[in-house]
Amino acid sequence: DLPAVGQGEEERGQEQQTRTEVFPYPEIGNEELEEINQLVAPVEKFFNEEVDSAKIDHEAKIPAETLNGLKELGLFGIMIPEEFGGLGLSNTMYARLAEIISLDGSIAVTLAAHQAIGLKGILIAGSEAQKQKYLPKLASGEHIAAFCLTEPGSGSDAASIQTRATLSEDRKHFLLNGTKIWISNGGFADIMTVFARTEVTVDGVKKDKISAFIVERAFGGITSGKPEDKLGIRGSNTCEVSFDNAPVPVENVLGEIGGGFKIAMNILNSGRFSMGSSSAGMIKKLIELTSEYAATRKQFNKSLSEFGMIQEKFAVMALNAFVMESMAYLTAGMMDRPGLADSSVEAAMVKVFSSEGGWICVSEALQVLGGLGYTKNYPYERYVRDCRILPIFEKSSDWSSVPLSFLCSLSREMKKGNIGLALGMMGKKLKSSFGVSVDLGLIGKDGVVHPSLAVRTSCKSLKDLSSFFYLVCFPEAQCFFFPGKCKETIVDEQLILKRVADLVINLYAMTAVLSRASRSISIGLRNHDYEVCKVLNILRRNRSSAIKHFLELNDHFVIIQSNSNLPNTHI
Ligand SMILES: Cc1cc2nc3c(=O)[nH]c(=O)nc-3n(C[C@H](O)[C@H](O)[C@H](O)COP(=O)(O)OP(=O)(O)OC[C@H]3O[C@@H](n4cnc5c(N)ncnc54)[C@H](O)[C@@H]3O)c2cc1C
């Protein structure tokens, strides 16, 4: 019942490829580094000197001059290719800029709604003519984009949208009817990617399928509601958008008619990795802001910074930021390498880890300030409010990104054997009993982890946990992942799925920090000792929480097996 252990040439090659996806940690060339430094400096200056986040939050609006400044810096066209007037940055460079842009949540959401989701469909599924027509004005910020998927009756369950597009009698237009809600930039967007049901004929049978459309506000029949009065990211514009017989030319169908749901998921998947660097950027800023206070504020005749429990808060923030960065840049590097497997599973893991970790860290930062943190005189309460949106939008973290889309992809990738993390190479190497040594290729003669890390407990943790995952979880999980064997669907086993997802995210985090620290030691990076120290802490912490998840999982399996005739594989 365990994964096959025999290892042929093909499997060895596959493992080698999987390992090189995560080891060595991606590095950027000097030219790219120079380019990113030139870009970062003016953006940092602009955010430090020109952006008044308290005012944006208070007035629930980004001033026109701030938007103009962002446009002049090219920030509306970060990932649009240069041939269409954008900056044409790689995913890695986008992640670096996201660290700065995230310092103002309202601006970050406005820019993300425009390019990470609003115009992304044109980039990934648009025809050459659509790109030529729309991208230049979107790149300059002359036109602003929005992404219209959510409806009153369709939130997490995106496939249940009811907005309809009907082909006109002359077959030149689709007439769009329906209402979208919670649309970022919805009050003023000129160009919208709208998802609607359309009638398609498959093998002679008429079916309802979702299609994607590029819709110009100028087409008419479009109205926007009042901006929502929100808890956080208050300066970003969130509105209802209604379509009343809005005529959309047939040439504005994005991709294939009926292929819209896949486009929507691809758009959402492709942008998620940057949440890691944006959250890390925000946490690093919070550490900077709170550390001075902790060093100068005295209670019980001591500085706050001398108390262990305050030090622990800084440790939580520093470690979380380090993991988020490591995961985000590892994933961005994978996405930047041509020819590698789809990284949407890794991007979803970065999103889940960062949105949940970000929330913990802003709360810790506010706590360091005590009562002062709770007032509007300081930015901490705003960070708490702004950060709370992260697990909610782009499909919420509690269930959809983790267990469903994530685990479905995970099981698919497992079946294909090409999940882009250390897991892929682990399963095939296991023997069918516990206590057998497992060679992950991490240490030893051709090991990918730096020898000075390999001798410590770090690799052992990752190795043990991975072995445990495959010996305990994998055979059990097969019952759920592989249709026909036990269950047709994994959707109903949320508690099991959540714990499996937590485990895999844990393993990816460990892989990312080990890979990053190995590289830092190898190239003699300044302060690499500090990185090693952080990595060892992270591995210890992750190991403990993984063991807890394993035990909980085992309990679930015991219950399920006692209610069924499945072979007993739990421990
Ligand atoms: C500020 C803001 C900006 C937004 N911007 C956009 C945008 O630009 N474009 C766009 O299309 N949408 C946008 N959204 C919508 C956002 O993507 C949705 O809010 C999100 O997908 C969740 O949908 P919902 O609010 O309807 O919650 P629901 O789907 O009703 O879910 C409510 C809660 O139940 C949980 N839940 C739902 N189903 C299950 C299940 N099967 N099992 C367990 N738990 C479940 C959810 O995780 C959530 O915690 C935005 C939302 C906000 C708040």
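Residues numbered from 1 in each chain as written. Predicted model: local features only at pLDDT ≥ 70, side-chain atom pairs only at ≥ 80, totals over all residues. Heavy atoms only, no water.

As recorded in an unreviewed UniProt entry, the chain goes by the name Acyl-CoA dehydrogenase family, member 9, listed as coming from Echeneis naucrates. We quote the UniProt Cofactor (unreviewed entry) comment for the chain here in full: "FAD". Recorded in UniProt for the chain, the comment headed Sequence similarities (unreviewed entry) runs: "Belongs to the acyl-CoA dehydrogenase family." (UniProt positions renumbered as here; feature names shortened; annotations may be inferred.)

## Focus: the overall build of the chain
Helix and strand counts for the chain stand at 19 helices and ten strands. Per-residue burial for the chain yields a buried fraction of 54% across its 571 residues. By sequence separation, contacts in the chain at least 24 residues apart represent 76% of the contacts at least 6 residues apart. For the chain, the exposed area adds up to about 25200 Å²; of that, 52% sits on carbon and sulfur atoms. (Helix = DSSP H or I, 4+ residues; strand = E, 2+ residues; numbered from the N terminus. Buried < 20%, exposed > 50% of the residue type's maximum accessible area, 1.4 Å probe, protein only. Contact = heavy atoms within 4.5 Å. Areas by Shrake-Rupley, 256 points an atom, 1.4 Å probe, with all protein chains shown as cover.)

## With respect to the pattern of salt bridges
Evaluated as defined, the whole model comprises 18 salt bridges. Here Glu49 and Lys45 are joined by a salt bridge, their closest N and O atoms 3.2 Å apart. Separated by four residues within a single helix, Glu49 and Lys45 lie in helix H2 (residues 30-49), roughly one turn from each other. The salt bridge involving Lys180 is made with Glu151; its shortest N-O contact spans 2.8 Å. Residue Lys180 is found in strand E3 (residues 173-184), and its partner Glu151 is found in the loop between strand E1 (145-148) and strand E2 (164-167); the two are separated by 29 residues along the sequence. When its relative accessible area of 0% is taken as the criterion, Lys180 is described as buried. Residue classification places Glu151 among the buried residues on the basis of a relative accessible area of 5%. (Salt bridge = Lys/Arg side-chain N within 4 Å of Asp/Glu carboxyl O.)

## Re the nonpolar core
Counting 96 residues, the largest nonpolar core has Phe47, Leu75, Ile107 and Met327 as its most contacted members. Discounting residues that sit within four places of it in the chain, Met327 has contacts with Met349, Val350, Phe353, Ile505, Tyr508, Ala509 and Ala512. (Core = buried A, V, L, I, M, F, W, Y, C linked by side-chain atoms within 4.5 Å.)

## Some remarks on the pairing of strand E7 (residues 238-249)
Strand direction decides the pairing type here: E3 and E7, joined by ten bridges, are antiparallel. Directly across from Thr179, in E7, lies its bridge partner Ser242. Sheet topology note: the strand E6 (residues 222-224)/E7 ladder contains three bridges and is antiparallel. In the sheet register, Ile222 faces E7, and the bridge partner there is Phe243. (Pairing = 2+ DSSP bridges.)

## As for the packing of aromatic side chains
In this structure the tally under the stated criterion is six aromatic pairs. On the basis of an interplanar angle of 65° and a centroid distance of 6.2 Å, the ring pair of Tyr94 and Phe273 is categorised as edge-to-face. Placement of the pair is Tyr94 in helix H5 (residues 91-101) and Phe273 in the loop between helix H9 (260-271) and helix H10 (274-296), with a sequence separation of 179 residues. By relative accessible area, which is 8% here, Tyr94 ends up buried. (Phe/Tyr/Trp six-rings, centres within 6.5 Å; stacked < 30°, edge-to-face > 60°.)

## Quick notes on helix H12 (residues 344-368)
Between the first and last C-alpha of H12 there are 36 Å, a value that for 25 residues agrees with the 36 Å anticipated at 1.5 Å per step. The positive-phi residue at the C-terminal boundary of H12 is Gly370, with phi of around 60°. (Expected span 1.5 Å × (residues − 1).)

## Some thoughts on the side chain of Ser279
Relative to the elements of secondary structure, Ser279 occurs in helix H10. Using a relative accessible area of 2% as the deciding quantity, one classes Ser279 as buried. A polar contact is formed between the side chain of Ser279 and the backbone oxygen of Met275, at a distance of 2.8 Å. Setting aside residues up to four positions removed in sequence, Ser279 forms contacts with Met324, Ser354 and Leu390. (Polar contact = N/O pair within 3.5 Å; in protein donor to acceptor, adjacent residues only side chain to side chain.)

## Considering the side chain of Lys230
Mapped onto the secondary structure, Lys230 falls in the loop between E6 and E7. An unpaired buried charge is present at Lys230: no salt bridge exists, and Asp229, the closest side chain of opposite charge, is 7.7 Å distant. For Lys230, the side chain forms a polar contact with the main-chain oxygen of Ile233, separated by 3.4 Å. There is a polar contact of 2.9 Å between the side chain of Lys230 and the side chain of Thr238. When neighbours within four sequence positions are excluded, Lys230 is seen to be in contact with Ser236 and Thr238. (Lys, Arg positive; Asp, Glu negative; His and termini not counted.)

## Observations concerning unusual backbone geometry
Although it is not a glycine, Ile233 adopts a positive phi angle of roughly 35°. For Ile233, the location among the structural elements is in the loop between E6 and E7. Take Ile233: its relative accessible area is 6%, and that puts it in the buried class. In this structure, Phe300 is a non-glycine residue whose phi angle is positive, near 50°. Its place among the elements puts Phe300 in the loop between strand E9 (298-299) and strand E10 (302-303). Look at Phe300 and you get exposed, because its relative accessible area is 75%.

## Things to note about the packing of helix H11 (residues 308-336) against H12
Here H11 crosses H12 at 160°, and the two axes come no closer than 9 Å. On the basis of their axis angle, the class for H11 and H12 is roughly antiparallel. The handedness of the crossing between H11 and H12 comes out as left-handed. (Axes fitted to C-alpha atoms, helices over the stretch in contact; angles between N-to-C directions. Parallel < 35°, antiparallel > 145°, perpendicular 65-115°, else oblique. Left-handed = near helix turned anticlockwise from the far one by under 90°.)

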